Amino acid sequence: MKERSKFLLILSVFAAAYYVPWGHPVIRRSSLEAFFMLQEYAREHVLTCLIPAFFIAGAISVFVSQGAVLKYFGAQAHKFLSYSVASVSGTILAVCSCTVLPLFAGIYTRGAGIGPATAFLYSGPAINVLAISLTAKILGWQLGLARAVGAVFFAVVTGLLMALIFRKDDSARTTGQIHVPDTDEKQRTLFQDTLYILTMVLILVFAAFAKPASGSAGPWAVIFAAKWYITIALLIILGFMLKAWFSKDECKSWVESSWGFMKQIFPLLAGGVLVAGFMLGRPGHPALIPEQWIQSLLGGNSLWANLMASVAGALMYFATLTEVPILQGLLGAGMGKGPALALLLAGPALSLPNMLVIGSVMGVRKTATFCGLIVIMSTIAGMTYGALFG
Amino acid sequence: MEIKVLGPGCAKCRKTEEIVKEAVADAGSAATVEKVTDVMKIAGYGVFGTPAVVIDGDVKSVGKVPTKDMVKSWIES
């Protein structure tokens, strides 16, 4: 951090401490809401959802070979394969948003061209394990599923449209050698790796299993009653797998990489929860921003509300995962479900700082087209979802 | 000798830069270490994945943090 920005930071904290009317009832209520919301996350979501998700993300980044996936983005790769891999590769490649942009620039200038590159650019930040599992846990599985499906579908459509619109100047790019990450030698079969990651996904699913509506019987209630036993059994199985299939060094690098994600994401998420709590409050509890404003801007499922949500999502910068508490606050304050999905689809992939970098890679015209396509499609998806489930 | 660390500034890239600098100091080499953060320049090397280490135009590692011993062996060879 530059000395000048440090000074400005201290100055703004001081100014806030000096001038904010902390005694005013609205500010008191909002500050309290911020900490209630933080507590809700600490109690409900950290142990059962975030921690398992961090370990899964760590395992994917260490044990899934990125080189194998990246081969499909080379200039010679089959187009159909490039698009399919690009649209789902966010799950494996891009838990850290800072890896997305260089990869995108590489695919665009040296590799498979504008279509797969933009497909990857969109899907990368939108469908990583952490984002989808937290969305499903906090905002409901319907929205989580809609987000995952929407992101994959959008990635393919955006990529194809970009390739179609700019098909002429796709040839004027440099060719040259490409370097994909080195693949280490494998000690395990693909089946063992799959089983190992699947066990962890099941742990996540059962530990975070939501309480069914009271009085309901049937399989969901039975699973809920047994969820901790199932989770513990799965943990024991995981322990045996680690002992039998993995060396000490591998376990160490797995833990290190999970810890890396935690260090990177936890502070941002806690900050995001505090800000969302202060501005919007928990569902049913008013905070700083009056609920009528949000209802009039983003309530219901009108074209206007959906468009508003996608444009806001496209411009705003969401640090990894913070879109979830912000949406939780907005939904609680009266935002419609359609606009919520529109914001989720347009939000993480685009932001103003992001657009500047994309602009420097592929030029203003293509960047504007890319952003326009995403805003339009998010609006349509939001309206459809709102009409079906709203 | 000219060593370039490619990466837009995430935690892993900073770690790589640190390790490379330590390795250069340990080996007593007169190599220069430069951090490249511009995405277009990174793409210009054809690397798919960061952090990457480039020594005199040769791509040595891609998409991972190298160990200090690895970097030393590149410098000495």
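Everything here concerns the structure above.
About the thresholds
The numbering scheme is per chain: residues are counted from 1 as the chain's sequence reads. By the order in which they are written, chains take letters starting at A while ligands take numbers starting at 1. This being a predicted model, a pLDDT of at least 70 is required before a residue's local features are given, and a value of 80 or more before pairs of side-chain atoms are given or counted; all residues contribute to the totals for chains, interfaces and linings. Helix and strand definitions follow DSSP, with helices as H or I runs of at least four residues and strands as E runs of at least two, each counted in order from the N terminus. We take the radius of gyration over the C-alpha atoms and set the globule estimate at 2.2 Å times the residue count to the 0.38 power. This entry defines residue contacts through backbone-placed C-beta atoms, with two residues in contact when those atoms are within 7 Å. As used throughout, a nonpolar core is a set of buried Ala, Val, Leu, Ile, Met, Phe, Trp, Tyr and Cys residues joined through C-beta atoms within 7 Å of each other. With C-beta atoms placed from the backbone, a residue is labelled by how many other C-beta atoms lie within 10 Å of its own: buried for 20 or more, exposed for 12 or fewer, partly exposed between the two. For this classification, the nonpolar set comprises Ala, Val, Leu, Ile, Met, Phe, Trp, Tyr, Cys and Pro, the charged set comprises Asp, Glu, Lys and Arg, and every other residue, Gly included, is treated as polar. Expected span, for any helix, means 1.5 Å times one less than how many residues it has. The term bend refers to the angle at a residue between two fitted axes, each drawn through seven residues, those ending there and those starting there. Angles run from 0 to 180 degrees between N-to-C directions of axes, and those axes are lines fitted to C-alpha atoms, restricted for helices to the stretch in contact. Small angles under 35 degrees read as roughly parallel and large ones over 145 as roughly antiparallel, with 65 to 115 read as roughly perpendicular and the rest as oblique. Take the far helix as the reference: if the near one is turned anticlockwise from it by less than a right angle, the crossing is left-handed, and if turned clockwise, right-handed. Here a strand pair is declared whenever DSSP counts at least two bridges between the two strands.

Undergrad: Which parts of the structure should I look at to understand the overall build of chain B?
TA: Across its full length, chain B carries 3 helices and 4 strands. Each helix (α) and strand (β) of chain B, taken in turn from the N terminus, gives the series β-α-β-α-β-β-α. In terms of overall dimensions, chain B is globule-like: its C-alpha atoms have a radius of gyration of 11 Å, near the 11 Å expected for 77 residues. If one aligns the C-alpha atoms of chain B with their principal axes, the spans along those axes are about 30 × 25 × 15 Å. A sequence separation of at least 24 residues applies to 65% of the contacts in chain B between residues at least 6 apart.

Undergrad: Help me understand the overall build of chain A, please; the structure alone is not making it clear to me.
TA: Helix and strand counts for chain A stand at 19 helices and 0 strands. For 390 residues, the compact-globule formula gives about 21 Å, and the C-alpha radius of gyration of chain A, at 22 Å, lands near that figure. Projected onto its principal axes, the C-alpha coordinates of chain A cover approximately 65 × 55 × 50 Å. Put simply, of all contacts in chain A between residues at least 6 apart along the chain, 85% involve residues at least 24 apart.

Undergrad: Could you clarify how one ought to interpret the nonpolar core in this entry?
TA: Grouped burial of nonpolar side chains is what soluble globular proteins tend to show. Counting 113 residues, the largest nonpolar core has A53, F104 and I374 of chain A as the members making the most contacts within it. Setting aside chain neighbours within four positions, we find I374 of chain A in contact with Y122, T158, A314, A346, A349 and L350 of chain A.

Undergrad: Help me understand the interface of chain A and chain B, please; the structure alone is not making it clear to me.
TA: When the parts come together, some accessible area is lost, and that loss is often what is quoted as the size of the interface. On the chain B side, the residues contacting the 25 residues of chain A number 18 residues. At the level of elements, α3 (66-70), α6 (100-110), α13 (248-280) and α18 (352-362) of chain A are the ones that each hand at least two residues to the side of chain A that touches chain B. With 7 residues, α6 of chain A is the single largest residue contributor to the side of chain A that touches chain B. Residues belonging to the side of chain A that touches chain B are distributed by class as follows: 13 nonpolar, 10 polar and 2 charged.

Undergrad: So what exactly am I meant to see when it comes to α13 of chain A here?
TA: Residue pairs spaced three or four apart in an α-helix point in one direction, given the helix's 3.6 residues per turn. With 33 residues, α13 of chain A ought to run about 48 Å at 1.5 Å a step, and its terminal C-alpha atoms sit 46 Å apart, in line with that. If you look at α13 of chain A, its biggest bend is around 30°, right at I265 of chain A, and the proline P267 of chain A turns up within four residues after that.

Undergrad: Sorry, what's going on with the packing of α6 of chain A against α18 of chain A here?
TA: Angle between the axes and distance between the axes are the two parameters that describe a pair of packed helices. Residue and element names in this part refer to chain A. At their nearest, the axes of α6 and α18 sit 10 Å apart, and the two run at 20° to each other. The orientation of α6 with respect to α18, classified from their angle, is roughly parallel. The chirality of how α6 crosses α18 is right-handed. For the pair α6 and α18, contact is made by L101, F104, A105 and Y108 and by V357, V361 and M362, respectively. Within the contact of α6 with α18, the residues separate by chemical class into 7 nonpolar, no polar and no charged.

Undergrad: Looking at this structure, how should I read the environment of P102 of chain A?
TA: Secondary-structure assignment places P102 of chain A in helix α6. P102 of chain A sits 255 residues away from V357 of chain A along the chain, and the two C-alpha atoms are 9.8 Å apart. If near-sequence neighbours (up to four positions away) are discounted, P102 of chain A is found in contact with P8, V39, I42, A43 and T50 of chain B.

Undergrad: Honestly, the packing of helix α4 (residues 79-88) of chain A against helix α9 (residues 141-165) of chain A in this entry has me stumped. Any pointers?
TA: All names here are of chain A. Contact geometry of α4 with α9 gives a least axis separation of 8 Å together with a crossing angle of 140°. Classified by the angle their axes make, α4 and α9 are oblique. Handedness of the α4/α9 crossing: right-handed. Contacts between α4 and α9 involve Y83, A86, S87 and V88 from the former and V152, A155, V156 and G159 from the latter. Each residue belonging to the contact of α4 with α9 can be placed in one class, and the counts come to 6 nonpolar, 2 polar and no charged.

Undergrad: Explain the sheet that holds strand β3 (residues 52-55) of chain B to me, please; I cannot follow it from the model alone.
TA: Backbone-to-backbone hydrogen bonds join strands into a sheet, with any given pair of strands oriented parallel or antiparallel. Residues and elements named next belong to chain B. One open sheet holds the 4 strands; their spatial order is β2-β1-β3-β4, and the pairing between them is mixed. Only two strands of the sheet have a single neighbouring strand rather than two, namely β2 (32-36) and β4 (58-62). For this sheet the average axis-to-axis angle between neighbouring strands, irrespective of direction, equals 20°. Pairing between strand β1 (residues 2-6) and β2: 5 bridges, direction parallel. By the bridge assignment for β2, V5 is matched with K35.

Undergrad: Please explain the environment of A208 of chain A as it appears in this structure.
TA: Residues and elements named next belong to chain A. Topologically, A208 is positioned in the loop between α10 (190-207) and α11 (219-225). Judged by local crowding, A208 falls into the buried class, with 22 C-beta atoms found within 10 Å. Residues in contact with A208, not counting those within four places in the same chain, are T48, C49 and K137.

Undergrad: So what exactly am I meant to see when it comes to unusual backbone geometry here?
TA: Where the residue is not glycine, phi is negative for most of them; where a peptide bond is considered, it is trans in most cases. Residues and elements named next belong to chain B. Of note in the backbone geometry, D56 takes a positive phi value of approximately 45° without being a glycine. If you trace the backbone, D56 turns up in the loop between β3 and β4. Take D56: there are 11 C-beta atoms within 10 Å of it, and that puts it in the exposed class.

Undergrad: What should I look at first to understand the pairing of β1 of chain B in this one?
TA: A regular strand places its side chains so that they alternate between the two faces of the sheet. Residues and elements named next belong to chain B. Across the 5 residues of β1, 4 count as buried, placing the element largely inside the fold. Sheet topology note: the β1/β3 ladder contains 4 bridges and is antiparallel. Pairing of V5 across the sheet is with V53, part of β3.

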